[in-house]
Amino acid sequence: NKLHRILLTGAAGGLGKVLRERLQPYADVLRLSDIAGMAPAAGPHEEVVPCDLSDKQAVDALLADCDAIVHLGGVSVERPFEEILEANIRGIFHVYEAARRHDVKRVVFASSNHVIGFYKQDEHIDAHAHRRPDGYYGLSKSFGEDMAQFYFDRYGIETVSIRIGSSFPEPLNRRMMSSWLSYRDLTTLIEKCLFTPDVKHTVVYGMSDNKVVWWDNSAAAKLGFAPQDSSEPFREKVEAQPPVAPTDPNAIYQGGAFTAQGPFGD
Ligand code: NAI
Ligand code: 15L
């Protein structure tokens, strides 16, 4: 399982830094891109290409000669609409337009659980549930999933949209006991998203083999994803935290606090 050149956007970010290391075996060349500075400089088998995703021409040049894209770049939290519009909404359009022009046939899109964030934590849903975005950020990821479906139906570009739960070194709170995705499982899932044939546009959840979950992840199992980690070993540590009030969005909604952020000053 190896491609010639994989583009990783958002390479300077939290997950980008992790995947910069872990995707090395899957490409002869990893092209790393971000609007932010990146350290260290390009190593062997790496190219560093700074790019603002809201710049259509720059994104077009960025995708030249790539065989697949792992698209992590963009605003990753709830922010005023205009910021999300530039980085995430215009950004995803630029990525797919460039993919069409340069004949890039596979995209792995970092979507988010915030596409379905307004479901309650006592609801169990699969990847086909009606979307309930919990803010501008979640709306932008929902738009990204539609963009992926459109570019498959119209141009045959295949995408796996991963609704990532919470991917951090360990679960940081009670909510993340359900939504946690370890870095090891993230890497395996991305490998499946890159190399499984005939995915069309598939939506999956990005979560580890956690004990108490909200999401039926059979769509990821169909890609051959079998998570190896679980949040359970962290339970004692997490449950030693002060209790969360039952009225706190973190205790009610799958999207937690994102459901209650904003409006931003107007
Ligand atoms: P992050 O915020 O650390 O990284 C995102 C990167 O995108 C940053 O380095 C930032 O500089 C870059 N970026 C922002 N605007 C840009 C623009 N206009 N042009 C080019 N680059 C731009 O986020 P993280 O945690 O690494 O997440 C990566 C991706 O996964 C994001 O798309 C995020 O929405 C998604 N995700 C992450 C989750 C997590 O638990 N870490 C959960 C759900 C989704
Ligand atoms: C996300 O979409 C964010 O990018 C990440 O920083 C976390 O907040 C995560 O969701 C989460 O819901 O825990």
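Residues numbered from 1 in each chain as written. Chains lettered and ligands numbered in written order. Predicted model: local features only at pLDDT ≥ 70, side-chain atom pairs only at ≥ 80, totals over all residues.

Visitor: Account for the overall build of the protein, with residues named and values stated.
Guide: For the protein, the count of helices and strands is nine helices and seven strands. The C-alpha atoms of the protein give 18 Å as radius of gyration, which agrees with the globular expectation for 266 residues (18 Å, within 12%). Dimensions along the principal axes, computed over C-alpha positions, put the protein at roughly 50 × 45 × 40 Å. Across the 266 residues in the protein, those meeting the buried criterion constitute 45%. (Helix = DSSP H or I, 4+ residues; strand = E, 2+ residues; numbered from the N terminus. Rg over C-alpha atoms; globule rule 2.2 N^0.38 Å. Buried ≥ 20, exposed ≤ 12 C-beta atoms within 10 Å, placed from the backbone.)

Visitor: Kindly report on the site of ligand 2, identifying the contributing residues and their values.
Guide: Around ligand 2, a shell composed of Ser76, Val77, Ser112, Asn113, His114, Ser166 and Ser179 is seen. Of the residues belonging to the shell around ligand 2, the class tally is one nonpolar, six polar and no charged. (Near = placed C-beta within 6 Å. Nonpolar A, V, L, I, M, F, W, Y, C, P; charged D, E, K, R; others polar.)

Visitor: For the UniProt feature "domain: NAD-dependent epimerase/dehydratase" (unreviewed entry) in the protein, give the residues involved together with the corresponding values.
Guide: Within the UniProt annotation, "domain: NAD-dependent epimerase/dehydratase" (unreviewed entry) is assigned to residues 6–166. Within residues 6–166, the helical portion is 36% and the strand portion 20%, while the C-alpha atoms at the span's ends are 24 Å from each other. (UniProt positions renumbered as here; feature names shortened; annotations may be inferred.)

Visitor: Can you break down the site of ligand 1 residue by residue, with the values?
Guide: The immediate surroundings of ligand 1 are formed by 25 residues, with Gly13, Leu15, Ser76, Ala110 and Ile164 found nearest. When contributions to the shell around ligand 1 are tallied by element, the ones reaching two or more residues are α1 (14–22), α3 (81–101) and β5 (106–112). In terms of residue count, the dominant contributor to the shell around ligand 1 is α1 (three residues). When its residues are assigned to classes, the shell around ligand 1 shows eleven nonpolar, twelve polar and two charged.

Visitor: I'd like a description of unusual backbone geometry, backed by residues and values.
Guide: Cis geometry marks the peptide bond from Ala39 to Pro40; its omega dihedral reads -5°. For Pro40, the position within the fold is in the loop between β2 (27–33) and β3 (46–48). The omega torsion of the bond from Gly262 to Pro263 falls at 0°, within 30 degrees of zero and hence cis. Relative to the helices and strands, Pro263 is located in the segment after α9 (249–252). Even without being a glycine, His45 presents a positive backbone phi close to 65°. Position of His45 among the secondary structure elements: in the loop between β2 and β3. Among the residues examined, His45 registers 11 C-beta atoms within 10 Å and is labelled exposed. Backbone geometry at Asp65 places phi at a positive 70°, although glycine is not the residue there. Looking at the secondary structure, you find Asp65 in the loop between α2 (56–63) and β4 (68–71).

Visitor: An account of the nonpolar core is requested, with residue identities and associated values reported.
Guide: Of all hydrophobic cores here, the largest spans 62 residues; its most connected members are Leu8 and Ile69. The leading source of residues in this core is α3, at eight residues. Once you skip the residues sitting within four places of it in the chain, Leu8 turns out to touch Gly16, Leu19, Arg20, Leu23, Leu30, Arg31, Leu32, Ser33, Val70 and Leu72. Within the second largest apolar cluster, five residues are counted, among which are Val115, Ile116, Phe118 and Tyr253. (Core = buried A, V, L, I, M, F, W, Y, C linked by C-beta atoms within 7 Å. Contact = placed C-beta atoms within 7 Å.)

Visitor: Can you break down the packing of α2 against α3 residue by residue, with the values?
Guide: Between α2 and α3, whose axes approach to 8 Å, the crossing angle comes to 45°. Relative to α3, α2 is oriented oblique. The handedness of the crossing between α2 and α3 comes out as right-handed. Residue-level contacts link Lys56, Val59, Asp60, Leu62 and Leu63 of α2 to His94, Val95, Ala98, Ala99 and Arg101 of α3. Residues belonging to the contact of α2 with α3 are distributed by class as follows: six nonpolar, one polar and three charged. (Axes fitted to C-alpha atoms, helices over the stretch in contact; angles between N-to-C directions. Parallel < 35°, antiparallel > 145°, perpendicular 65-115°, else oblique. Left-handed = near helix turned anticlockwise from the far one by under 90°.)

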